[in-house]
Amino acid sequence: MSTFWSVWISVIVLGSIIGCAWLILATRKGERFKDSTEETTGHSFDGIEEYDNPMPMWWLKLFWLTIIFGIIYLIIYPGLGSYKGVAGWTSHGQWADEVSAADQRFAPLYAELAAQDPEQLMKDEEALGIGQRLFANNCAVCHGSGGRGNVGFPDLTDNEWLYGGSHEKILETLLNGRQALMPAWQDVLGSAGVTQVAHYVRGLSGQKNVDEKLAQAGAEKFQQNCVVCHGANGEGNEAFGAPNLSDSIWLYGGTQNIVEMTLRYGRKGRMPNFEEVLGKDRLYVLAAYVKSLSQQ
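What you are looking at is a predicted structure, and each value in this text was computed from that prediction instead of being measured. (Residues numbered from 1 in each chain as written. Predicted model: local features only at pLDDT ≥ 70, side-chain atom pairs only at ≥ 80, totals over all residues. Heavy atoms only, no water.)

Enquirer: Sorry if this is basic, but what is going on with the overall build of the chain here?
Expert: Looking only at helices and strands, the chain features 13 helices and four strands. Taking 19 Å as the expected radius of gyration for a compact globule of 296 residues, we find that the chain reaches 33 Å, considerably beyond that expectation. Here the C-alpha coordinates of the chain stretch approximately 105 × 50 × 45 Å along the principal axes. Buried positions account for 32% of the 296 residues belonging to the chain. Of all intrachain contacts in the chain linking residues separated by at least 6 positions in sequence, the fraction that spans at least 24 positions is 59%. In the form shown here, the chain has an accessible surface area of approximately 19,300 Å², with 58% of it arising from carbon and sulfur atoms. (Helix = DSSP H or I, 4+ residues; strand = E, 2+ residues; numbered from the N terminus. Rg over C-alpha atoms; globule rule 2.2 N^0.38 Å. Buried < 20%, exposed > 50% of the residue type's maximum accessible area, 1.4 Å probe, protein only. Contact = heavy atoms within 4.5 Å. Areas by Shrake-Rupley, 256 points an atom, 1.4 Å probe, with all protein chains shown as cover.)

Enquirer: Explanation requested: the environment of leucine 286 in the structure shown.
Expert: Tracing the sequence through the fold places leucine 286 in helix α13 (residues 280-293). Note: C-alpha distance between leucine 286 and glycine 131 (155 residues apart in sequence) is 4.7 Å. When near neighbours in sequence (up to four residues on either side) are disregarded, leucine 286 contacts Gly131, Leu134, Phe135, Cys139, Leu174 and Leu278.

Enquirer: Is there a simple way to explain the packing of helix α8 (residues 186-204) against helix α11 (residues 256-265) in this structure?
Expert: Packed helices, taken two at a time, are described by their axes: the angle between them and the distance between them. Where α8 contacts α11, the two axes come as close as 9 Å, and the packing angle between them is 140 degrees. Overall, the two elements α8 and α11 adopt an arrangement that is oblique. Judged by the sense of rotation from one axis to the other, the crossing of α8 with α11 is right-handed. Counted together, Gln186, Ser191, Val194, Thr195, Val197, Ala198, His199 and Arg202 of α8 and Gln256, Val259, Glu260, Leu263 and Arg264 of α11 form the full contact between these two elements. Classifying every residue of the contact of α8 with α11 gives five nonpolar, five polar and three charged. (Axes fitted to C-alpha atoms, helices over the stretch in contact; angles between N-to-C directions. Parallel < 35°, antiparallel > 145°, perpendicular 65-115°, else oblique. Left-handed = near helix turned anticlockwise from the far one by under 90°. Nonpolar A, V, L, I, M, F, W, Y, C, P; charged D, E, K, R; others polar.)

Enquirer: Hey, could you run me through the nonpolar core in this one?
Expert: Most often, soluble globular proteins have nonpolar side chains that are buried together. Counting 29 residues, the largest nonpolar core has Phe135, Leu283, Leu286 and Val290 as the members making the most contacts within it. In terms of residue count, α13 provides more of this core than any other element does, nine residues in total. In this structure, phenylalanine 135 is in contact with Ala140, His143, Gly144, Ser145, Gly147, Leu156, Leu286, Tyr289, Val290 and Leu293, ignoring residues within four places of it in sequence. Within the second largest apolar cluster, 14 residues are counted, among which are Leu189, Val210, Leu245 and Val259. (Core = buried A, V, L, I, M, F, W, Y, C linked by side-chain atoms within 4.5 Å.)

Enquirer: What should I look at first to understand helix α2 (residues 57-76) in this one?
Expert: For an α-helix the count is 3.6 residues per turn, leaving residues at separations of three or four pointing the same way. The end-to-end C-alpha distance of α2, which contains 20 residues, comes to 29 Å, matching closely the 28 Å that a straight helix rising 1.5 Å per residue would cover. Restricting attention to buried positions, one finds in α2 the residues Leu60, Phe63, Ile67, Gly70 and Leu74. Viewed along the axis of α2, the buried residues span an arc of 85 degrees, placing them on a single side of the element. Across from the buried face of α2, at angles greater than 90 degrees, the exposed residues are Met57, Trp58, Lys61, Leu65 and Phe69. On its buried side, α2 packs onto α1 (3-26). (Expected span 1.5 Å × (residues − 1). Arc of directions from axis to C-beta.)

This is the structure we're talking about:
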């Protein structure tokens, strides 16, 4: 935080406390003049007059206590710009302490589960429940609460896997993450070539509204440029994470416009790694849960 903003925040906070103290002192007495015998302030509305009674003593004492509490709090904890407080407390530090305490508490449980065979875990309701909660907290934001994915995020409930669907491969994905790369082909194929290849690719998946003449022209370009990753028949390659183009599953959509966009500009999907976040034992359980989604 810059010096300007640190001073700005400090002035506002301290000014508010000083203002509250001034308000108490300025209103501790009534509004009547010393020689006045009237018991009201002179304010009247709709026949109702305002009595000039002092504030209750308990209210004043409580108000002063809140001000004193605020000052002590700001000395101990951060609240005045970049001042860290004498206790040295931070939200990040508290979070790290709580995570560490939770890790120590649950580490034996996850170690015990990680020692089991994946097939056992997928039949263990308690283990699947733990995996489901791990999934909800870490994976659902992209893949959905039920694992059915979204545009650009794979559906985990089917049997189509970009990098392999075994427990070992899923665990590898969770541990290391994935970095997909579909290069842009606009400069290589040209606009007409992109359209032709898009028709051919859509024909591989059995779509009906395909121009056969354009698809035929696109077949040759596909064999020249795409088979290295997707294979001669477009069935994909798990080693590269290249999707199977001969089924009806499309990560970004299978319409003519979207396929052309993919070919023209490429795609750069990224799956982050979770080893530092969750640890290997938790990911072992999570991988079993993810695998179970495709077997329901």
